Amino acid sequence: VVSVALVVVMANSYTMEARPVWDTPLLWLYYLANAVLSGSLACAALAGIRRPADAGSAAGSAGVPLVLTVALAGAAITLVALVAYAVFIPAQAAAFTSVGNYFDPTHPTKVMADPQGALAGFLTGDQAGLFWAGALVIGALVPGALAFLARKREGATLAAMAAIGVLCALAGGICFRMVLYALGFTVFVFY
């Protein structure tokens with residue numbers, strides 16, 4: 001309960017009208033799903049370290065498949081949230097149509113911020129690699145695949161696969177946050 005509350009508080013701290021990309025329940029969904037994914041894989045890694053393959057009983061290993069099923073669910077929800085963001089973010093460009101351009105006095109022909117261009121082009125522009133390869137593939141697909149493959153493993157193999165999944169989920173979360181910061185930064189001059 002405390003872990004969920006902390007994730008909700010953290011997600012709520014980013015929810016603000018001044019940053020339309022952040023002002024969505026999709027952000028909460030992503031953060032919660034990423035926490036479920038990384039937390040359940042961390043539990044599986046600890047179970048693999050704690051109980052070597054030849055030392056446990058059938059009753060002692062009953063929780064590992066459940067934890068890995070939870071990790072699979074977290075990976076699936078993370079993937080859904082990221083795909084929803086891929087649809088949602090470009091649509092947010094329309095939120096800035098009423099905002100006038102502010103020009104830098106030292107460069108009067110260059111617009112200081114282009115939120116429409118940044119939001120509309122994030123799928124194929126500067127942030128595309130971070131979003132598609134970093135957040136989606138490394139942060140959701142790889143940990144989900146590792147959780148699926150680790151269901152039949154025990155001991156050190158389970159621990160290694162789950163630990164790699166945790167690292168991938170954390171790396172994907174960092175990539176997603178970098179994309180959001182870059183997209184939120186495009187409108188800093190307006191607010």
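This text gives an overview of the structure that appears in the document. (Residues numbered from 1 in each chain as written. Predicted model: local features only at pLDDT ≥ 70, side-chain atom pairs only at ≥ 80, totals over all residues. Heavy atoms only, no water.)

## Examining the overall build of the chain
No. 1: The secondary structure content of the chain amounts to 6 helices and 2 strands.
No. 2: Beginning at the N terminus, the succession of helices and strands in the chain can be written as α-α-α-β-β-α-α-α.
No. 3: The buried share among the 191 residues of the chain stands at 39%.
No. 4: When the accessible surface of the chain is summed, it comes to about 9,800 Å², and 71% of that surface belongs to carbon and sulfur atoms. (Helix = DSSP H or I, 4+ residues; strand = E, 2+ residues; numbered from the N terminus. Buried < 20%, exposed > 50% of the residue type's maximum accessible area, 1.4 Å probe, protein only. Areas by Shrake-Rupley, 256 points an atom, 1.4 Å probe, with all protein chains shown as cover.)

## So, the packing of aromatic side chains
No. 1: Taken as a whole and assessed by the stated rule, the structure comprises 7 aromatic pairs.
No. 2: With a centroid separation of 4.9 Å and 85 degrees between ring planes, the pair formed by Phe131 and Trp132 is classed as edge-to-face.
No. 3: Since its relative accessible area comes to 0%, Phe131 is described here as buried.
No. 4: Chaining the aromatic ring pairs together yields one cluster made of Tyr14, Tyr30, Tyr31, Tyr85, Phe88, Phe176 and Tyr181. (Phe/Tyr/Trp six-rings, centres within 6.5 Å; stacked < 30°, edge-to-face > 60°.)

## Description of a nonpolar patch on the surface
No. 1: On the surface, a cluster of nonpolar side chains totalling about 240 Å² of accessible area is made up of Val36, Leu66 and Val70.
No. 2: Its location among the elements puts Leu66 in helix α3 (residues 63–91). (Patch = residues over 30% accessible without salt bridge, like charges linked within 9 Å, V, L, I, M, F, W, Y side chains within 5 Å. Salt bridge = Lys/Arg side-chain N within 4 Å of Asp/Glu carboxyl O.)

## A closer look at helix α5 (residues 128–150)
No. 1: Where α5 bends most, at Val137, the angle is about 40 degrees.
No. 2: Residues Ala128, Phe131, Gly134, Ala135, Leu136, Gly139, Ala140, Pro143, Gly144, Leu146, Ala147 and Ala150 constitute the buried set of α5. (Bend = angle between axes of the 7 residues up to and from the residue.)

## Comments concerning the environment of Val142
No. 1: Mapped onto the elements, Val142 comes out in helix α5.
No. 2: Take Val142: its relative accessible area is 29%, and that puts it in the partly exposed class.
No. 3: Taking the C-alpha atoms as reference points, Val142 and Ile164, separated by 22 residues in sequence, lie 9.1 Å from one another.
No. 4: Setting aside its immediate chain neighbours within four residues, Val142 contacts Val137 and Cys168. (Contact = heavy atoms within 4.5 Å.)

## A short note on the environment of Gly155
No. 1: Relative to the elements of secondary structure, Gly155 occurs in helix α6 (residues 155–185).
No. 2: Gly155 gets classed as buried once you look at its relative accessible area, which sits at 4%.
No. 3: A C-alpha to C-alpha distance of 7.8 Å links Gly155 and Ala47, two positions 108 residues apart in sequence.

## Regarding the packing of helix α2 (residues 25–50) against α3
No. 1: Put simply, α2 and α3 touch, their axes get as near as 8 Å, and they point 155 degrees apart. It follows that α2 is roughly antiparallel to α3 by the angle criterion. The chirality of how α2 crosses α3 is left-handed. (Axes fitted to C-alpha atoms, helices over the stretch in contact; angles between N-to-C directions. Parallel < 35°, antiparallel > 145°, perpendicular 65-115°, else oblique. Left-handed = near helix turned anticlockwise from the far one by under 90°.)

In short, geometric facts, not functional conclusions.
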